[in-house]
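Listed below, chain by chain, are the residues.
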Amino acid sequence: MAITGQIALTVLMGLFLVGVAAWLARVENWRSYTPVGGGTTGGETAYGSDEKPAGLIRWLTTVDHKDIGLLYGAFGITAFVVGGLMVMVMRLELFDPEMTLISNTYYNSLLTSHGITMLFLFGTPIIAAFANYFVPLLIGADDMAFPRINAIAFWLLPPGALLIWAGFLPIPEVIPAQTGWTMYTPLSAGVGSGNQANAGVDLMLLGLHLTGVSATMGAINFVTTIFTERGENVSWANLDIFSWTILTQSGLIIFAFPLLGSAIVMLLLDRNFGTAFFINGGSPILWQHLFWFFGHPEVYILVLPPMGLVSLILPRFSGRRLFGFKFVVYSTLAIGVLSFGVWAHHMFATGIDPRLRSSFMAVSLAIAIPSAVKTFNWITTMWNGRLRLTTPMLFCIGFVQNFIIGGVTGVFLASIPVDLILHDTYYVVGHFHYIVMGAITFAGMAGLYYWFPVFAGRMYQRRLGKIHFWLWLVGSNVTFLAMILLGYGGMPRRYATYLPQFATLHQVASLGALVMFVGGLIWVYNFVVSWLEGPRVEDADPWNLKDNGLRTNEWAWFERKRETALADGGEVDEADTE
Amino acid sequence: MAARTFDRETLLDLVVNAVPLFIMAFFVAAFVLFAPFGFDPLASLLQFGLIVAPFVALLVLTYFSARAITDAERGGPVFLPGQTTPAEARPVEHEAEAEEAGAAEESEPAASGDGDA
Amino acid sequence: MARSHRGPRFVVFLYAGLVTFAGVIGLLFSVVVTDPQPPRLLFLVSLPPTAFGFVVYGAVSVGLVLGVPLAGVVYVSRHVDAVEAPE
Ligand code: HEM
Ligand SMILES: [Cu+2]
């Protein structure tokens, strides 16, 4: 029986290899994807669509930055849906105080996976989606500096995701990690009587490592691209704000992610080879230092590009330039540097030396200034502007609103006496969800709606877009306000069950989550239907940016692309005209 | 030194980063003067290192980025950020120069956008 | 295309919303937390630890924290930024 199985496997493997060889032989010109050296500006990319193979093969072999951007986008959105469904199950479980729907351990698995999915499989990739598609267009480059590395970086993500989710797949004896996204030792080192010595945790760590490698490769690529591939007139003096934030973010990634990778390797060694970094006489607190030295920059890795998106989009619908552009640039850089000096504000309650603690508090207060400055600039831009409340603009304003609430709650946490009370309560959960969902995801939506005409060649349904926005604005504020209050009431985070006195607020939070869920359904419906059969874009300037002299390079590229398509009567990607 | 390398406008722009620098300097001074938790060679070294290191790093990065931006402004045409390739795009006159020139709305694409002293 | 709205009206609306929000948090805080300490407005004025006290505390604190920068926005818009104000 076992032998037949092995033979069957071998045969299958052989067939697969033959298939691969045949396919490699069939794909013609696969060497022709050589990046053409820079020099030309703002032109069509070096990879005309006629060079691309058709169908699935195109997507598997592409090294075109726009295609890779779309792949990142599809991946990120898929992960967002997965992570969103996970949290919906959790919120349903939290509807009553007892353990009803799922077991406590399964709750913990979902909790861990939700966090990791949203941060590493949705957040970072969706930003990479925008950056891949639009940074080369914005800086007038032909493509990324290293197109193939770009493709490799993307293709590391799906295996990473599979490893991270491995515990949920029907694999015998592998259970999902239940360590929380912070993977604190000693729990995550698998010691004690728990079940976290399971291989599922190792797989999750390996998957996380892969996504880190992917992010690092992407970051190196962006830094090189922005430094060396800028078009003729694009200098540091007129680099757009989104590229500035991507540049800074990439710098942060290059310093932060390798550190996470090393820490993960150390943890894997501790788990499997008996080393003593964090357990066996090592220091569990060392993990927290290593993790947060990565972890705090990570939160800015996630928030800087969305800030860039808002800085780019919000002025276009205010009918005027961004106020204090250079302030925004310098404060971006400041956030980048300072974010490496605040990590222990996540560790105020660990019994750390009070001298060190106060230093971390000082830098945490200093880093709030650049964020406040940006907010000031957005508001001033709106103040003297005429606002057009399109869907992308609404999401930008939602970003500003939620970012203010998230920031104010964060500054409170940075004050040691307050933190010692609120640490590990739902208040913290409320704080960072205001930022990661209320701000970062909102800005991501602003970007998706703003550029929808570019990458889909069609227009979405505006009404549905607005309904989506309002459902999310209301839903997120209901949910996260309830969380803040739960924290004040003393509800600890990361529990599947709770005391009856917290029931009402938990139910309110679950209701808010449901409202967001409905909004999410509308969004997915709108995007799918509009992508397939929305009205084709008739005008290369769908937002009328020319009127105020605010048209940026990617729209000019879009116009040229449409003109070329018209001139030779051919089809360009999905954006052919009637 | 900075006063000679950067014009007034750039220095004004740099005020944003001076504020966090100031806050960190303030805390260093406060910790030196009041030493609320006493002195210990290792802990105090770390305590100050943790503020001084980001302080220096921020100073250095701000200097070099301001250098790069100023040099770019002096060395070539300056467009609105991200708006170099649209057909209607024109280099912007430097604000100060534009005011002196009496605000010419549609300037010809000038070869150089440097208006700095 | 969408109608256009005047910036100041809109921003003030946003500001009012955020201050109300802080007041609501204050109100609910007094419901959620049993036996709270009396809040001290700006670390100076002691307010009663009642719903009213916390509403005032939340709204006034946030009103100031955001209001002072907003005054800054107005000032800057009038004096620094007015050159390129639209129509
Ligand atoms: C305005 C500046 C900010 C300050 C001063 C601040 C402060 C803090 C502090 C002190 C904590 C630790 C609370 C605790 O565990 O007891 C915290 C947690 C957190 N913050 Fe912020 N924050 C700020 C902005 C942000 C931003 C922009 C993001 C996201 C992009 C963010 C994401 C997080 C996350 C994810 C956590 C929770 C980590 C965890 O324990 O799981 N924060 N914040
Ligand atoms: Cu942090």
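Residues numbered from 1 in each chain as written. Chains lettered and ligands numbered in written order. Predicted model: local features only at pLDDT ≥ 70, side-chain atom pairs only at ≥ 80, totals over all residues. Heavy atoms only, no water.

(A) Expanded view of the overall build of chain A. Counting secondary structure elements, chain A contains 17 helices and one strand. Computed over its C-alpha atoms, the radius of gyration of chain A comes to 24 Å, within 12% of the 25 Å expected for a compact globule of 578 residues. Once the C-alpha set of chain A is aligned to its principal axes, its extents read approximately 75 × 70 × 40 Å. A total of 578 residues make up chain A; the buried ones form 61% of that total. Contacts spanning at least 24 positions in sequence make up 80% of the contacts within chain A whose residues lie at least 6 apart. Counting only carbon and sulfur atoms, one obtains 69% of the accessible surface of chain A, whose full area is about 20,900 Å². Positive and negative charge centroids in chain A, built from 30 and 35 side chains respectively, lie 7 Å apart. (Helix = DSSP H or I, 4+ residues; strand = E, 2+ residues; numbered from the N terminus. Rg over C-alpha atoms; globule rule 2.2 N^0.38 Å. Buried < 20%, exposed > 50% of the residue type's maximum accessible area, 1.4 Å probe, protein only. Contact = heavy atoms within 4.5 Å. Areas by Shrake-Rupley, 256 points an atom, 1.4 Å probe, with all protein chains shown as cover. Lys, Arg positive; Asp, Glu negative; His and termini not counted. Charge placed at Lys NZ, Arg CZ, Asp CG, Glu CD.)

(B) Highlighting the site of ligand 1. Residue and element names in this part refer to chain A. Every one of the 20 residues lining ligand 1 counts as a neighbour, but V299, D419, H423, H431 and R493 are closest to it. A distance of 2.5 Å is found between an oxygen atom of ligand 1 and a side-chain nitrogen or oxygen belonging to D419. Here an oxygen atom of ligand 1 and a side-chain polar atom of R493 are 2.8 Å apart. Looking at the shell around ligand 1, the elements that each hand over two or more residues are α9 (284-316), α12 (391-414) and α14 (426-456). A per-class count over the shell around ligand 1 returns twelve nonpolar, six polar and two charged. (Near = heavy atom within 4 Å. Polar contact = N/O pair within 3.5 Å; in protein donor to acceptor, adjacent residues only side chain to side chain. Nonpolar A, V, L, I, M, F, W, Y, C, P; charged D, E, K, R; others polar.)

(C) Representation of the pattern of salt bridges. Applying the stated criterion across every chain yields a total of eight salt bridges over all chains. The shortest N-O distance in the salt bridge between E73 of chain B and K326 of chain A comes to 2.6 Å. Here K326 of chain A lies in helix α10 (residues 325-338) and E73 of chain B lies in helix α3 (residues 41-75), a pairing that spans two chains. For E73 of chain B, a relative accessible area of 6% translates into the label buried. Its salt-bridge partner being K546 of chain A, residue E559 of chain A comes within 3.4 Å of it at the nearest N-O pair. Note that E559 of chain A is positioned in helix α17 (residues 553-567) and K546 of chain A in the loop between α16 (503-533) and α17, a separation of 13 residues in sequence. The class of K546 of chain A is partly exposed, set by a relative accessible area of 37%. Salt bridges here are not isolated pairs; linked through shared partners, they connect K546, R551 and E559 of chain A. (Salt bridge = Lys/Arg side-chain N within 4 Å of Asp/Glu carboxyl O.)

(D) Main features of the packing of helix α7 (residues 199-228) of chain A against helix α8 (residues 241-273) of chain A. All names here are of chain A. At a closest axis distance of 8 Å, the pairing of α7 and α8 adopts a crossing angle of 155°. Taken together, the axis directions place α7 and α8 in an arrangement best described as roughly antiparallel. In the crossing of α7 with α8, the sense of the turn from one axis to the other is left-handed. (Axes fitted to C-alpha atoms, helices over the stretch in contact; angles between N-to-C directions. Parallel < 35°, antiparallel > 145°, perpendicular 65-115°, else oblique. Left-handed = near helix turned anticlockwise from the far one by under 90°.)

(E) Inspection of the confidence of the model for chain C at higher detail. Residues and elements named next belong to chain C. For chain C, per-residue confidence averages 71 on the pLDDT scale, and residues scoring 70 or more make up 64% of the total. Confidence, expressed as mean pLDDT per element, reaches its minimum in chain C at strand β2 (residues 40-41) with 64 and its maximum at helix α1 (residues 7-32) with 77. Overall fold confidence for the complex sits at a pTM of 0.85, while the interface term, ipTM, reaches 0.78. (pLDDT = per-residue confidence, 0-100.)

(F) Quick peek at the coordination of the iron atom of ligand 1. A lone protein donor binds the iron atom of ligand 1: H431 of chain A (NE2), at 2.2 Å. Distance-wise, the copper ion (ligand 2) is placed 4.6 Å from the iron atom of ligand 1. (Donors = N, O, S within 2.8 Å, 3.2 Å for Na, K, Ca; no water.)

(G) Summary view of the nonpolar core. In this structure, F120, F134, W244, F399, W451 and F455 of chain A are the most contacted members of the largest nonpolar core, which totals 213 residues. Setting aside residues no more than four positions away along its own chain, F120 of chain A makes contact with P125, W181, L208, T211, F257, L260, F294 and E298 of chain A. (Core = buried A, V, L, I, M, F, W, Y, C linked by side-chain atoms within 4.5 Å.)

(H) Geometry of α3 of chain B. With 35 residues, α3 of chain B extends 49 Å between its outermost C-alpha atoms, agreeing within 8% with the 51 Å of an ideal straight helix rising 1.5 Å per residue. G49 of chain B marks where α3 of chain B bends most, by close to 25°. (Expected span 1.5 Å × (residues − 1). Bend = angle between axes of the 7 residues up to and from the residue.)

(I) Quick peek at the interface of chain C and chain A. Facing 32 residues of chain C, the contacting portion of chain A comprises 30 residues. Summed over both partners, the interface of chain C with chain A buries about 3,100 Å², with 77% contributed by carbon and sulfur atoms. Scanning the region where chain C abuts chain A turns up zero salt bridges. Counting across the interface, chain C meets chain A through zero residue pairs in polar contact (both at pLDDT 80 or more). Listed by contribution, the elements that provide at least two residues to the side of chain C that touches chain A are β1 (4-6), α1 and α2 (51-79) of chain C. At twelve residues, α1 of chain C tops the list of elements feeding residues into the side of chain C that touches chain A. Each residue belonging to the side of chain C that touches chain A can be placed in one class, and the counts come to 22 nonpolar, five polar and five charged. (Buried area = accessible area lost by both parts, 1.4 Å probe.)

(J) Spatial organisation of the interface of chain A and chain B. In this complex, chain A contributes 45 residues to the contact, which on the side of chain B involves 46 residues. Summing both partners gives a buried area of about 4,000 Å² for chain A against chain B, and 70% of it is carried by carbon and sulfur. Of all residues in chain A, the largest losses of buried area upon contact with chain B belong to N238, Y330 and R355 of chain A, amounting jointly to 19% of the total for that side. Connecting chain A to chain B are one salt bridge. Contributing elements (two or more residues each) for the side of chain A that touches chain B: α10, α11 (354-383) and α17 of chain A. Per-element tally for the side of chain A that touches chain B: the top contributor is α11 of chain A, with 13 residues. Counted by class, the side of chain A that touches chain B contains 26 nonpolar, ten polar and nine charged residues.

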